[in-house]
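# Geometric and topological summary
Each chain is listed here by its residues.
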Amino acid sequence: IANMNVYRDRRGENAVMVVEMDQSVPCLLIAGKGDFMGNLGMYMRKLRKRLTKAGIPVRMRLFPRMRHDILHEPGREDVLLEIYRFLERKRKAQN
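## A few points about the overall build of the protein chain
A count of helices and strands for the protein chain gives 2 helices and 4 strands. Reading the helices (α) and strands (β) of the protein chain from amino to carboxyl end gives β-β-β-α-β-α. Counting all 95 residues of the protein chain, 26% fall into the buried class. Here the analysis covers contacts within the protein chain between residues at least 6 apart in sequence; of these, 50% occur between residues at least 24 apart. For the protein chain, the exposed surface amounts to about 7000 Å²; the carbon and sulfur share of it is 54%.

## What to know about the pairing of strand E3 (residues 27–32)
Counting buried positions along E3 yields 5 of 6 residues, so the element is predominantly enclosed. Where E3 lies against strand E4 (residues 58–63), 6 bridges are found, and the strand directions are parallel. Each bridged residue has a counterpart across the sheet, and for Leu 29 the counterpart in E4 is Met 60. Chirality of the crossover, the property in question, places the unit of E3, helix H1 (residues 42–53) and E4 among those that are right-handed.

## Comments concerning the nonpolar core
Within the largest apolar cluster, 8 residues are counted, these being Cys 27, Leu 29, Ala 31, Leu 47, Leu 51, Ile 56, Met 60 and Leu 62. Where this core is concerned, the elements lending two or more residues are E3, H1 and E4. When residues in this core are grouped by element, the largest group, 3 residues, is from E3.

## A closer look at the side chain of Glu 73
Within the secondary structure layout, Glu 73 lies in the loop between E4 and helix H2 (76–94). In this structure Glu 73 is buried but unpaired, with Arg 67 as the nearest side chain of opposite charge at 6.2 Å. Polar contacts involving the side chain of Glu 73 include one to the main-chain amide nitrogen of Arg 67, which spans 2.9 Å. Residues within four places of Glu 73 in sequence aside, it is in contact with Arg 65, Met 66, Arg 67 and His 68.

## Brief notes about the side chain of Glu 82
Of note, Glu 82 is situated in helix H2. Polar contacts involving the side chain of Glu 82 include one to the side chain of Arg 61, which spans 2.9 Å. Aside from chain neighbours lying at most four places away, what touches Glu 82 is Leu 28, Ile 30, Arg 59, Arg 61, Phe 63 and Arg 89.

## Regarding H2
Counted at 1.5 Å a residue, the expected span for H2 with its 19 residues is 27 Å, and the 27 Å between its end C-alpha atoms agrees. Those residues of H2 that fall on the buried side of the exposure criterion are Val 79, Glu 82, Phe 86 and Glu 88.

## Examining the pattern of salt bridges
Tallied over the entire structure, the rule returns 3 salt bridges. The salt bridge partner of Arg 61 is Glu 82, with a shortest N-O separation of 2.9 Å. Separated by 21 residues along the polypeptide, Arg 61 in strand E4 and Glu 82 in helix H2 bring together distant segments of the chain. Judged by its relative accessible area of 5%, Glu 82 is buried.

Rules behind the numbers
Residues numbered from 1 in each chain as written. Predicted model: local features only at pLDDT ≥ 70, side-chain atom pairs only at ≥ 80, totals over all residues. Heavy atoms only, no water. Helix = DSSP H or I, 4+ residues; strand = E, 2+ residues; numbered from the N terminus. Buried < 20%, exposed > 50% of the residue type's maximum accessible area, 1.4 Å probe, protein only. Contact = heavy atoms within 4.5 Å. Areas by Shrake-Rupley, 256 points an atom, 1.4 Å probe, with all protein chains shown as cover. Pairing = 2+ DSSP bridges. Right-handed = clockwise from strand over helix to strand, strands pointing away. Core = buried A, V, L, I, M, F, W, Y, C linked by side-chain atoms within 4.5 Å. Lys, Arg positive; Asp, Glu negative; His and termini not counted. Salt bridge = Lys/Arg side-chain N within 4 Å of Asp/Glu carboxyl O. Polar contact = N/O pair within 3.5 Å; in protein donor to acceptor, adjacent residues only side chain to side chain. Expected span 1.5 Å × (residues − 1).

Laid out in structure tokens, this is it:
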């Protein structure tokens, strides 16, 4: 569905560049708001902006009080529920 590449920008910070992506596939971006590796959600917001500008439907959710490993942290049930609801909405939209 997508080929992505992580690179360092001019300031030496990690940045994400989308190389190829099927524009018909909706995208769910999820991260912890306290994720220092994702610059506290800034990288996700930048990625959402780029994907939206490219015409790709995007839903983004930053989980408060969570960090990098959101599927293994307390409150992971909320993350799994968000993923389930996203997939269920897309399934219903196709029928």
